[in-house]
Amino acid sequence: MKKNIGKLFALTALAFLISGCSSQGEIKRADDWKELYPDVYYTYQANADMSETKFGGSVPVDYLEEHPNLNSFYEGYGFAIQYDRARGHTYALEDIINTQRPKPGASCLQCKTADFVVALEKEGVDLNAMDFDEFVAENEGMSTISCYDCHMNDPGVIQITRSHTQKAIDEGQIPANTSLESLACGQCHVEYYQDSETKEVFMPVENGFETDDMLAYYEEVGHSDWTHPQTEANLLKAQHPELETFSGSVHEGVGLSCIDCHMPEVSGEDGDMVKSHHWTSPLKNKEGLQNSCLKCHSNLEEDELISWVEDVQGGVYDRTNEVSDKLKDFIDQLADHIEKDDLSQEDKESLQEIHRQAQFKWDFVFVENSEGFHNSSKAHKNLDEAEALIDSGLEILSKY
């Protein structure tokens, strides 16, 4: 398997992009492949590990406590009820079931278990709106993210299994230079939304991968996730736009994909070299770091490279917090004037639109799981644009 992955990919990539995903019946679980691919299975089991880097990791953190401004930003929405940092992929199904956030439909399982993906293909789009808890109760024994999500039942063959991503591919909405390897990860690591009526999952990328493109799309289709109870602005909740953030980055520009950094060659349980299926930061595994980052950045020592990465992340982290405080101040002032009802209708609508756009641009950076490293230029651009919007709003408010 290990030596033939490249050949298998070359032979099948075009076919799958053209034909889309196809059902293979019963799902084979990770345990079903354990004896055939013990070394790969061994690395996959590492996803249960919970550890940290300086600016990330898979240790559960209560974001609402660590970043109290979020309580204001997400007021009136589910993320103000519970919002914890994600654990590893093997916890995805468990965590979505147990979160206290309301689930609008069974489609919340779209990227948490292949069992829902297969059921959706069999039963059709109406399944998206089924009650979440009812679907879970009727489908005991579902498996969390594992082999099927990227390979179906064909080990070594990369496949797109999520309908929202396949639809975007079919309609030419994904940049042509996006590799299948990146799409395999990006089919879930994207910005998406659920249709307010059908609960079907879509990617808002018809106009492009930038936040302005997505805001324009959301405006065209009239979508909002909720109305803020204090500012009365119709808001959008960004998800985890790793694919869109990585697009146009320096690393993508030199031909790298997600798996080059996040699935390096490592030693399996028996010592054989395999592609790591522990999907995490390469900074958390010294062997993986040597076979990912340091393969290209060979001029750096390990501690120098880690320091460089953390400097890039630290700059984005600090800037995110600066803009967060400014956004909080703007929301507080706008809420005060909404309560007083002393704004002209024109200014009120302008300020609410500023809240919608600025918070989406800020949130787009905050929720992206690389802490800015996937594309620090794009992260800073969105934060700068969010701040410029906030400044324009504060200027309007200064008249009152």
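Above this text you will find the structure in question.
The text that follows walks through the structure, step by step, so that each part is easy to find. (Residues numbered from 1 in each chain as written. Predicted model: local features only at pLDDT ≥ 70, side-chain atom pairs only at ≥ 80, totals over all residues. Heavy atoms only, no water.)

What to know about the nonpolar core
Of all hydrophobic cores here, the largest spans 57 residues; its most connected members are Leu70, Tyr74, Tyr83, Phe330 and Trp362. Elements with a contribution of two residues or more to this core: helix 3 (63-66), helix 4 (69-73), helix 9 (163-170), helix 10 (180-186), helix 11 (211-221), helix 17 (302-340), helix 18 (345-366) and helix 19 (376-397). Sequence-distant contacts of Tyr83, that is, excluding residues within four places in its chain, are made with Val61, Asp62, Tyr63, Leu64, Leu70, Tyr74, Arg101, Lys237, Phe366 and Val367. The next biggest cluster of nonpolar side chains, apart from the first, holds 14 residues, and it includes Leu93, Ile96, Leu120 and Met130. (Core = buried A, V, L, I, M, F, W, Y, C linked by side-chain atoms within 4.5 Å. Buried < 20%, exposed > 50% of the residue type's maximum accessible area, 1.4 Å probe, protein only. Helix = DSSP H or I, 4+ residues; strand = E, 2+ residues; numbered from the N terminus. Contact = heavy atoms within 4.5 Å.)

Points about the side chain of Asp115
The residue Asp115 is located in helix 6 (residues 114-123) in this model. Given a relative accessible area of 14%, Asp115 falls into the buried group. Here Thr113 takes part through its side chain, which lies 2.9 Å from a polar atom of the side chain of Asp115. If near-sequence neighbours (up to four positions away) are discounted, Asp115 is found in contact with Ile27, Arg29, Met142 and Ser143. (Polar contact = N/O pair within 3.5 Å; in protein donor to acceptor, adjacent residues only side chain to side chain.)

Some words on the pattern of salt bridges
This model, assessed by the stated rule, comprises 19 salt bridges. Across the pair Asp95 and Arg87 runs a salt bridge whose closest N-O atoms are separated by 2.6 Å. Its relative accessible area of 28% is what places Asp95 among the partly exposed residues. Linking Lys348 and Glu232 is a salt bridge whose minimum nitrogen-to-oxygen distance equals 3.4 Å. Remark: Glu232 occurs in the loop between strand 5 (226-227) and strand 6 (234-235) and Lys348 occurs in helix 18; sequence separation between them is 116 residues. Classification of Glu232 by relative accessible area gives partly exposed; the value is 38%. In this structure, a network of salt bridges that share partners links the residues Arg319, Glu322, Lys326, Asp384, Glu387 and Asp391. (Salt bridge = Lys/Arg side-chain N within 4 Å of Asp/Glu carboxyl O.)

Notes on the packing of helix 11 against helix 18
Running from N to C, helix 11 and helix 18 cross one another at 135 degrees; their axes reach a closest spacing of 11 Å. As the angle between them shows, helix 11 and helix 18 are arranged oblique. Seen from above, helix 11 lies across helix 18 with right-handed handedness. Two secondary-structure elements touch here, helix 11 through Thr211, Asp212, Met214, Leu215, Tyr218 and Glu219 and helix 18 through Glu353, Arg356, Gln357, Phe360, Lys361 and Phe364. Taken together, the residues of the contact of helix 11 with helix 18 break down into 5 nonpolar, 2 polar and 5 charged. (Axes fitted to C-alpha atoms, helices over the stretch in contact; angles between N-to-C directions. Parallel < 35°, antiparallel > 145°, perpendicular 65-115°, else oblique. Left-handed = near helix turned anticlockwise from the far one by under 90°. Nonpolar A, V, L, I, M, F, W, Y, C, P; charged D, E, K, R; others polar.)

Things to note about helix 18
Given 3.6 residues to a turn, an α-helix orients residues that are three or four positions apart in the same direction. If you check helix 18, its first and last C-alpha atoms are 31 Å apart, about what 22 residues at 1.5 Å a residue would give, namely 32 Å. Across the 22 residues of helix 18, 16 count as buried, placing the element largely inside the fold. (Expected span 1.5 Å × (residues − 1).)

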